[in-house]
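Structural overview
Each chain, written out:
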Amino acid sequence: MKNANKYAVTFRFGLQHALEYRSNFFLSLISAFVPAVVQYYIWSTVYKSYNDTTLFGYSYEQMIAYTILAAVVSKLVMTNMEHAVSNDIKTGGLNRYLIQPISYFGFRLCHYFGQKLLYIIGFIVIITLILFVSPASRQLEHEPERIVIFILSIVMAMIISFLLSFAVSAIAFWLADISYFFVVTSLVINVVSGGMFPLELFGEGFRSAISVLPFYYMIYWPVNVWTGIIPSSELWLGLLWQLGWSVVLGGVAYMSWKLGFKRYLGLGG
Amino acid sequence: MMRWTEVKRHLHILRLFVKYSLMSQMEYRFNFITGIVAEIAFLIAKLLYVLLVFKTNLHIDGLSPDVILMFLGVHFIFTGIYMGFFFQNFLILGQTIRGGALDMMMTKPMSLQFLVSLRHIDLGMAFPNVITGIVLITKGWNASSVMWSWETVVGFVVFLLIGVILTYCLMIIPSLLSFWLLDTSAAAEISYALWDANNMPASLYHRAIQHIGTFILPFFLITNYGPLFVLGKLSTAQLIWALLAPVLFFFLIRTVWKYALRQYNSSSL
Amino acid sequence: MEHIIEVKQLTKAFTYYKKDTGIIHSFKNLIHRNSLTKMAVEDVSFSIRQGEMVGFLGPNGAGKSTTLKMLSGILHPTSGSATVMGYTPWKRHKDFKQQFSIVMGQKSQLWPDLPAADSIYLNKCIYQVEQDSYQRTLDELTDMLGVRDLLHVQVRRLSLGERMKMELIASLIHRPKLLFLDEPTIGLDLLAQKAIRQFLRHYNEQTNATIILTSHYMKDIEDLCPRVILIQGGRITYDGELQDVNAEYGDKRIMKLQFHEHVEREILLPFGNVLHHDGITAVIELESSNIADSSRQLLELLPVSDVLIAEIGAEEGIEALFQRQS
């Protein structure tokens, strides 16, 4: 009980951090939608000229839903914590967690979910507003099972993304200067996860190649559970893939941090 | 009245800034190179829009994909100029204001706005963008069936200069907010998002967006008017506005800057 | 002699926001923030003659730096007026900026990754110093400070003291008539502090430049400034010769006592002003005429193991002044 309390405090701390700069929070929500607006107009123009056929396997409504949802989900899923973690490693901030009875992993996890809580609320509002009210969504079918899996898949996507970030940030144990490294990794991860465009744009071969990797299940898959691109028969299978990848990434994160800590202590902290 | 000797003095100092920035960067060669690598990664991500335009055979208001390349190309050129000359300065301007480094600069017998705007110059960031931009513009221009002529080239260059002034005026706004706000990162985020979004012909968008992007936050003038001029699609009214806007906006920024300095409170009580 | 600085009823108020900790307040802050006003400088008036060296003294946040920043045109005052070399500083006239310099101990104008020579050269261009004059001044200053061979070493490789010397050269390259120094010796070792002090005195004698200085270190002020202005809570509480601070304490002595048993503060009160007391040691300020009687009584009545009687120095004098007025 006492232990859980500490994590609750960390969770609250993350939320507070997000609240601290009020204007920032609302504005950063807006900035997430700017690229979606550009793409909305591009797709609208394109579909008009094709007379409403499907493109890359997406109907117009599905494409618009994808564009909007991908913007939100990528904002929700991307942790952007690599810099903070590597900073902790470099400046010895990690030492605190070696002596305190709170694990660094737990601290980061709670901080992450706390920080994203506002986004989750905003996310629910946006989905109900845009996707249920707007005409773009009328033609999308949402059987209850699909909605449940969608919600589960978002949670799983957040976990996968967190574990991936946590594993990637362990590189700070070995590389000296990494200020730009994480900028590139998060950009690449976002693109190959489908955060910018649907993966079909890069060709069917690319999509199926990515489909066996964890990135596929971070943005592309949850979003397409909603749009209906993922057939009902594959819903549970995908969730299983997500579960599998979280276990694998959990293992990778655990191993890399174990090795990293060994090196960290070896260097004398 | 700006005298010629004053202009010459400022240009001389600007040359020193370029030289000193380069010398400083050479001290951190690894950082310099990884910075360029990161910039190229962003560039490639943005080039995905070229893929999108051609794969969907996007036509905007009668402009073919080839011609749209010109707009993208201009966007890249200005991204290079922005990244090379302004980005770093605007990024640290907030810190300069909050940390009190502005105090020292204020006592110098030079334009303070000049000192803080152009102190750090990063040509490494500029090159990949500018080169990509030139390639795209050349391709677009050749495909557009507009002949190369002295008049169009000179006119195009004039529009580039107008674009530089507007880039400066628009992108400095978030940094100017640091005079009043503690954290302006979200405002900066929005400005980056708008900047990245501004790579398409304006006629793609709804009329209201076109008007906002032309008259209130004239981003479209930066990327659209040069190519439109070359294509002979610029009306007289637009031409007049293009000449008026940079003067007007520079004056506005200048006024805000002076007002901010009047009530500047330095860093500590 | 003519006054180079004339300050009349200068006042500066700051507005700031109050934020309580805790999550409830974070939510509250989303809606509304409380604004508070602090008077950093209040109704300050003084004047300074060309060639004077004046020290601003006062505890942290007393308004020394704020006053200095108004005199150098960095801050606009809330009310009041100031004339510096005939200019109103906060109008930030170019000719005004051309004639003074400010050095702040905690803020650098040097490019950290380049040799100091480059930053100094940049200032030469900014202040439009002629080449001959530049070369002459540079030679003179580097010799005076003994840093000629360090000019071409990157600033970040220099020690703090060396860096401050370079800051001074960069600030003096245009031969300003007026120099503001805000904590110039902060964080420096004793040797470097001494070198900087020596240089400033020398520079003042040679060029007759007016120097205004704030410092935490009493020694800086004692060594350099015949005149001090004490600022407390945004107001001037003393303006005059440093020696005179002691005048009203001239007939007083400080007695430092050490006991071998615990002694209550109350027992000491009848003897004089208790400046310090922790049970085992105490410092008392008393009239010099009483010193013989008091010390005899103290030694008889109390378990004194050691006693030291001293005159009040400038440092103690000012400390006593601070204590009395706060």
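Note that the structure is predicted; figures quoted are calculated from it, not measured.

1. With respect to the overall build of chain C
Helices and strands together make up the secondary structure of chain C, namely 12 helices and 13 strands. Here chain C holds 326 residues, and the buried ones make up 51% of them. Accessible surface computed for chain C: about 15300 Å², of which carbon and sulfur atoms make up 48%.

2. Focus: the packing of aromatic side chains
Each aromatic ring pair is summarised here by two numbers: the centre-to-centre distance and the angle between the ring planes. Throughout the structure, instances matching the rule amount to 55 aromatic pairs over all chains. Considering the side-chain rings of Tyr82 of chain B and Trp195 of chain B, the 5.2 Å spacing of their centres and the 40° angle between planes classify their relative orientation as tilted. Of the two residues, Tyr82 of chain B is situated in helix H3 (residues 65–99) and Trp195 of chain B in helix H9 (residues 185–197); the sequence distance between them amounts to 113 residues. Relative accessible area serves as the criterion here: at 4%, Trp195 of chain B is assigned to the buried category. Taken together, Tyr104, Phe105, Phe107, Tyr112, Phe113, Phe162, Phe166, Phe173, Trp174, Trp257, Phe261 and Tyr264 of chain A form an aromatic cluster joined through their ring pairs.

3. Some thoughts on the sheet that holds strand E5 (residues 100–104) of chain C
Residue and element names in this part refer to chain C. Strand order in the open sheet formed by 6 strands is E5-E6-E7-E3-E8-E9, and the pairing between neighbours is mixed. Whereas interior strands pair on both sides, the edge strands pair on one side only; in this sheet they are E5 and strand E9 (235–241). The average undirected angle you get between the axes of adjacent strands in this sheet is 15°. Examined bridge by bridge, strand E3 (residues 53–57) and strand E8 (residues 227–232) share 4 bridges and lie parallel to one another. Note that in E8 the partner of Gly55 across the bridge is Val228.

4. Some thoughts on the pattern of salt bridges
Residues and elements named next belong to chain B. Counted according to the given criterion, the structure contains 22 salt bridges over all chains. Between Lys46 and Asp196 there is a salt bridge, with its nearest N and O atoms 3.0 Å apart. Remark: Asp196 occurs in helix H9 and Lys46 occurs in helix H2 (residues 29–55); sequence separation between them is 150 residues. For Lys46, a relative accessible area of 13% gives the class buried.

5. With respect to the UniProt feature "transmembrane region" (unreviewed entry) in chain A
Residues and elements named next belong to chain A. Here, the residues flagged by UniProt with the feature "transmembrane region" (unreviewed entry) are residues 21–43, 63–81, 117–135, 147–173, 180–199, 205–223 and 235–257. The straight-line gap between the two end C-alpha atoms of residues 63–81 is 30 Å; of that span, 79% is helix and 0% is strand. Within the segment residues 205–223, helix and strand shares are 53% and 0% respectively, and the terminal C-alpha atoms sit 20 Å apart.

6. Some words on a nonpolar patch on the surface
Residues Val212, Leu213, Leu237, Leu240, Trp241 and Leu243 of chain A make up a contiguous nonpolar surface patch of about 540 Å² in total accessible area. Note on Leu237 of chain A: relative accessible area 48%, which makes it partly exposed.

7. Some details on the interface of chain C and chain B
Interface size is often expressed as the accessible area that is lost when the parts come together. Each side of the interface is counted separately: chain C has 33 residues, and chain B has 32 residues. For the pair chain C and chain B, the summed buried area comes to about 3200 Å², and 62% of that belongs to carbon and sulfur atoms. Taken as a group, Lys107, Trp111 and Ile126 of chain C account for 20% of the area that chain C buries against chain B, more than any other trio of residues on that side. Inspection of the chain C/chain B interface yields 4 salt bridges. Put simply, chain C and chain B have 12 residue pairs in polar contact (both at pLDDT 80 or more) between them. Mapped by element, the contributors of at least two residues to the side of chain C that touches chain B are strand E1 (3–18), helix H2 (64–71), helix H3 (94–97), E5 and helix H4 (116–126) of chain C. Considering every element that reaches the side of chain C that touches chain B, the biggest residue donor is H4 of chain C, with 6 residues. Among the residues forming the side of chain C that touches chain B, the class breakdown is 13 nonpolar, 9 polar and 11 charged.

8. A closer look at the confidence of the model for chain A
Here chain A shows a mean pLDDT of 84. Residues at 70 or above account for 87%. Here helix H1 (residues 2–20) of chain A is the element of chain A with the lowest mean pLDDT, 68, and helix H9 (residues 204–210) of chain A is the one with the highest, 94.

Conventions used here
Residues numbered from 1 in each chain as written. Chains lettered and ligands numbered in written order. Predicted model: local features only at pLDDT ≥ 70, side-chain atom pairs only at ≥ 80, totals over all residues. Heavy atoms only, no water. Helix = DSSP H or I, 4+ residues; strand = E, 2+ residues; numbered from the N terminus. Buried < 20%, exposed > 50% of the residue type's maximum accessible area, 1.4 Å probe, protein only. Areas by Shrake-Rupley, 256 points an atom, 1.4 Å probe, with all protein chains shown as cover. Phe/Tyr/Trp six-rings, centres within 6.5 Å; stacked < 30°, edge-to-face > 60°. Pairing = 2+ DSSP bridges. Axes fitted to C-alpha atoms, helices over the stretch in contact; angles between N-to-C directions. Salt bridge = Lys/Arg side-chain N within 4 Å of Asp/Glu carboxyl O. UniProt positions renumbered as here; feature names shortened; annotations may be inferred. Patch = residues over 30% accessible without salt bridge, like charges linked within 9 Å, V, L, I, M, F, W, Y side chains within 5 Å. Contact = heavy atoms within 4.5 Å. Buried area = accessible area lost by both parts, 1.4 Å probe. Polar contact = N/O pair within 3.5 Å; in protein donor to acceptor, adjacent residues only side chain to side chain. Nonpolar A, V, L, I, M, F, W, Y, C, P; charged D, E, K, R; others polar. pLDDT = per-residue confidence, 0-100.

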